[in-house]
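Inside the fold
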Amino acid sequence: MPDAGSGPLAVVPSDSLMRVTHAERDRAVELLQQAFADGRLTSLEMEERIAGALAARSRGDLAPLTADLGGAEPEKVVELKGTGGRITRTGAWRVPRALRVESDYGGVVLDLSHAVIEHPVIDIELSLEYGSALLTVPSDADVDVDGVVCQWGRVVCRAPKRRQPGGPRIRLTGKLGYGRLKVRFR
């Protein structure tokens, strides 16, 4: 019988073995805090589960922490990857709850001004080596760029500091090597 780790019968790790992201951990913590606020968890249960969520390495570690909360399993992160050229999303595209954008060479243009935004909080993680990112947001959006690190560029955010009622909260995190992040209104 062939070795399970080589050849055409190689074993693909299940989703429960996949490594979790900061956004997935944060989402699990938010769900646990909401469950406490709703009275579904005691403060001790919440504290223990939050500690577990922050220490989680895989999706399998996170799943049991939220499984009994009515299907409140952390959402999957949608990934956009490119090695060269521009990554662009414009028009009426559906914005996922968590988005990771990775590019070695090339820029990123994300226009959320006409996008379908179904979530009150959107997490966008940027990982750009060479290239800049332009994010256009709706006029009622609240944008947090405090989690973005630029090595040889800068962050320019022209979005408001206060949240408008009913508007989405967009949290940006990640790292830009050589480039800048610009956030603006349409």
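We now turn to the structure provided with this report. (Residues numbered from 1 in each chain as written. Predicted model: local features only at pLDDT ≥ 70, side-chain atom pairs only at ≥ 80, totals over all residues. Heavy atoms only, no water.)

Read from one edge to the other, the open sheet built from five strands follows the order 1-4-7-11-9, with strand pairing classed as parallel. Edge strands, defined here as strands with exactly one partner in the open sheet, are strand 1 (78–82) and strand 9 (142–150). With strand direction ignored, the average angle separating the axes of adjacent strands in the sheet is 10 degrees. With seven bridges connecting them, strand 9 and strand 11 (residues 169–178) associate as parallel partners. Each bridged residue has a counterpart across the sheet, and for Val-149 the counterpart in strand 11 is Lys-175. (Pairing = 2+ DSSP bridges. Helix = DSSP H or I, 4+ residues; strand = E, 2+ residues; numbered from the N terminus. Axes fitted to C-alpha atoms, helices over the stretch in contact; angles between N-to-C directions.)

In the structure shown here, the tally under the stated rule is three aromatic pairs. With a centroid separation of 5.2 Å and 5 degrees between ring planes, the pair formed by Tyr-105 and Tyr-130 is classed as stacked. Separated by 25 residues along the polypeptide, Tyr-105 in strand 4 (residues 98–105) and Tyr-130 in strand 7 (residues 121–130) bring together distant segments of the chain. (Phe/Tyr/Trp six-rings, centres within 6.5 Å; stacked < 30°, edge-to-face > 60°.)

Bringing the pattern of salt bridges into the picture now. As enumerated under the stated definition, the model contains 13 salt bridges in all. Between Glu-30 and Arg-27 there is a salt bridge, and its shortest N-O distance comes to 3.9 Å. Taken as a pair, Glu-30 and Arg-27 lie in helix 1 (residues 22–37) at a separation of three residues, close to a single helical turn. One salt bridge connects Arg-171 with Asp-123, and the closest N-O pair in it is separated by 2.7 Å. Of the two residues, Arg-171 sits in strand 11 while Asp-123 sits in strand 7, which places them 48 residues apart along the sequence. Residue classification places Asp-123 among the buried positions, given a relative accessible area of 8%. Overlapping salt bridges, with partners in common, bring together Arg-27, Glu-30, Arg-97, Asp-123 and Arg-171 in one network. (Salt bridge = Lys/Arg side-chain N within 4 Å of Asp/Glu carboxyl O. Buried < 20%, exposed > 50% of the residue type's maximum accessible area, 1.4 Å probe, protein only.)

If you walk across this open sheet you meet the five strands as 2-5-8-12-10, and the pairing is parallel. The open sheet has two free edges, formed respectively by strand 2 (87–89) and strand 10 (155–157), since each of these has just one partner strand. Averaged over all pairs of adjacent strands, the angle between strand axes in this sheet comes to 10 degrees, irrespective of strand direction. Sheet analysis places strand 2 next to strand 5 (residues 108–111), joined by three bridges and oriented parallel. In the sheet register, Ile-87 faces strand 5, and the bridge partner there is Val-108.

Turning to a nonpolar patch on the surface, a few remarks are in order. A surface patch of nonpolar side chains, amounting to about 520 Å² of accessible area, comprises Tyr-105, Tyr-130, Trp-152 and Tyr-178. In this structure, Tyr-178 sits in strand 11. (Patch = residues over 30% accessible without salt bridge, like charges linked within 9 Å, V, L, I, M, F, W, Y side chains within 5 Å. Areas by Shrake-Rupley, 256 points an atom, 1.4 Å probe, with all protein chains shown as cover.)

On to helix 2 (residues 43–55). Counted at 1.5 Å a residue, the expected span for helix 2 with its 13 residues is 18 Å, and the 18 Å between its end C-alpha atoms agrees. Residues of helix 2 that are buried include every one of Met-46, Arg-49, Ile-50 and Ala-53, and no others. Projected onto a plane normal to the axis of helix 2, the buried residues spread over an arc of 105 degrees and lie on a single side. In this structure, helix 2 carries Leu-44, Glu-48 and Ala-55 as exposed residues pointing more than 90 degrees from its buried face. (Expected span 1.5 Å × (residues − 1). Arc of directions from axis to C-beta.)

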